Amino acid sequence: MTGGTGENRETGRDEDAVSRFVERFAAEMTEAGMQRMAARVFASLLADDDGSMTSADLGRQLRISPAAVSGAVNYLTQVSMVGRERDPGSRRDRYRLHDEIWYATFANRDQVLTRWERTLRDGARSLGEDTPAGSRLVETAEFFAFMQAELVGVLERWRESRRTPG
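For clarity, every value in this text was computed on a predicted model and none was experimentally measured.

Caption draft 1: Region of the structure containing the nonpolar core. Within the largest apolar cluster, 26 residues are counted, with the highest numbers of intra-cluster contacts made by Val41, Leu45, Leu76 and Met81. Counting residues per element, this core draws most heavily on helix H2 (residues 36-47), at seven residues. Ranked by size, the runner-up nonpolar core spans six residues in total, among them Leu113, Phe144, Leu151 and Leu155.

Caption draft 2: Inspection of the sheet that holds strand E2 (residues 82-86) at higher detail. Strands sit in the order E1-E3-E2 across an open sheet of three strands; the sheet is antiparallel. Both outer strands of the open sheet, strand E1 (52-54) and E2, are each paired with one neighbouring strand and no more. With direction set aside, neighbouring strand axes in the sheet form an average angle of 30°. As paired strands, E1 and strand E3 (residues 93-97) are joined by three bridges and run antiparallel to one another. Bridge assignment links serine 52 to a residue of E3, and that residue is arginine 96. Across the sheet, H2 touches E1, E2 and E3, and the angle it forms with E3 is around 80°.

Caption draft 3: Inspection of a nonpolar patch on the surface at higher detail. Judged by side-chain polarity, Phe21, Leu46, Trp102 and Phe106 come together as a nonpolar surface patch covering roughly 350 Å² of accessible area. Inspection of the secondary structure assignment puts phenylalanine 106 in helix H5 (residues 101-127). Since its relative accessible area comes to 40%, phenylalanine 106 is described here as partly exposed.

Caption draft 4: How the structure looks around the packing of aromatic side chains. Overall, the coordinates contain four aromatic pairs when judged by the stated rule. Taken together, a centroid distance of 5.8 Å and an interplanar angle of 10° make the contact between phenylalanine 21 and phenylalanine 25 stacked. Within this pair, phenylalanine 21 and its partner phenylalanine 25 are both found in helix H1 (residues 15-31), separated by four residues, close to a single helical turn. On the accessibility criterion, phenylalanine 21 (37% relative accessible area) is partly exposed.

Caption draft 5: Structural context of unusual backbone geometry. Phi at arginine 63 takes a positive value of approximately 55°, unusual for a residue other than glycine. Overall, the relative accessible area of 75% leaves arginine 63 in the exposed class.

Caption draft 6: View of the environment of serine 80. Within the secondary structure, serine 80 is located in the loop between helix H4 (66-78) and E2. In this structure serine 80 comes out as partly exposed when scored by relative accessible area, which is 30%. Each C-alpha atom of the pair serine 80 and arginine 109 lies 11 Å from the other, and the pair is 29 residues apart in sequence.

About the criteria used
Residues numbered from 1 in each chain as written. Predicted model: local features only at pLDDT ≥ 70, side-chain atom pairs only at ≥ 80, totals over all residues. Heavy atoms only, no water. Core = buried A, V, L, I, M, F, W, Y, C linked by side-chain atoms within 4.5 Å. Buried < 20%, exposed > 50% of the residue type's maximum accessible area, 1.4 Å probe, protein only. Helix = DSSP H or I, 4+ residues; strand = E, 2+ residues; numbered from the N terminus. Pairing = 2+ DSSP bridges. Axes fitted to C-alpha atoms, helices over the stretch in contact; angles between N-to-C directions. Contact = heavy atoms within 4.5 Å. Patch = residues over 30% accessible without salt bridge, like charges linked within 9 Å, V, L, I, M, F, W, Y side chains within 5 Å. Areas by Shrake-Rupley, 256 points an atom, 1.4 Å probe, with all protein chains shown as cover. Salt bridge = Lys/Arg side-chain N within 4 Å of Asp/Glu carboxyl O. Phe/Tyr/Trp six-rings, centres within 6.5 Å; stacked < 30°, edge-to-face > 60°.

The structure is reproduced here in structure tokens:
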């Protein structure tokens, strides 16, 4: 790194600008409900050219402890946004964004919506679908069914748009 500007000699990137992006995007994801540290780790991986970093890299870049990195990575692996692999010939783990990360993330949401819809419909039957609470659960289940159907179509159109040149 050069002094003052924050430019990385190897990449030619303004590391201060990268850091600002990471923190801004992480704040947006946190506001949307993601855990703060997981959002910061995810944004760092997203901003990395090969989409992968070691725990030490993440800790250095984000100025966080190894425990904070570990907790964030555990969350991100549980929600299938990040994978863990070994550096060849090393005992160090490397964390990598999955290919087609957004497609996979939203496709997984489809499964969540299905489970929520099923649980809501069961709850509505238990409470009585004609009661105010049961009616509210039915409407919520119908909303999730609608969202699921729409999400399937959106994901199909996204895949098609990636195959179509131009």
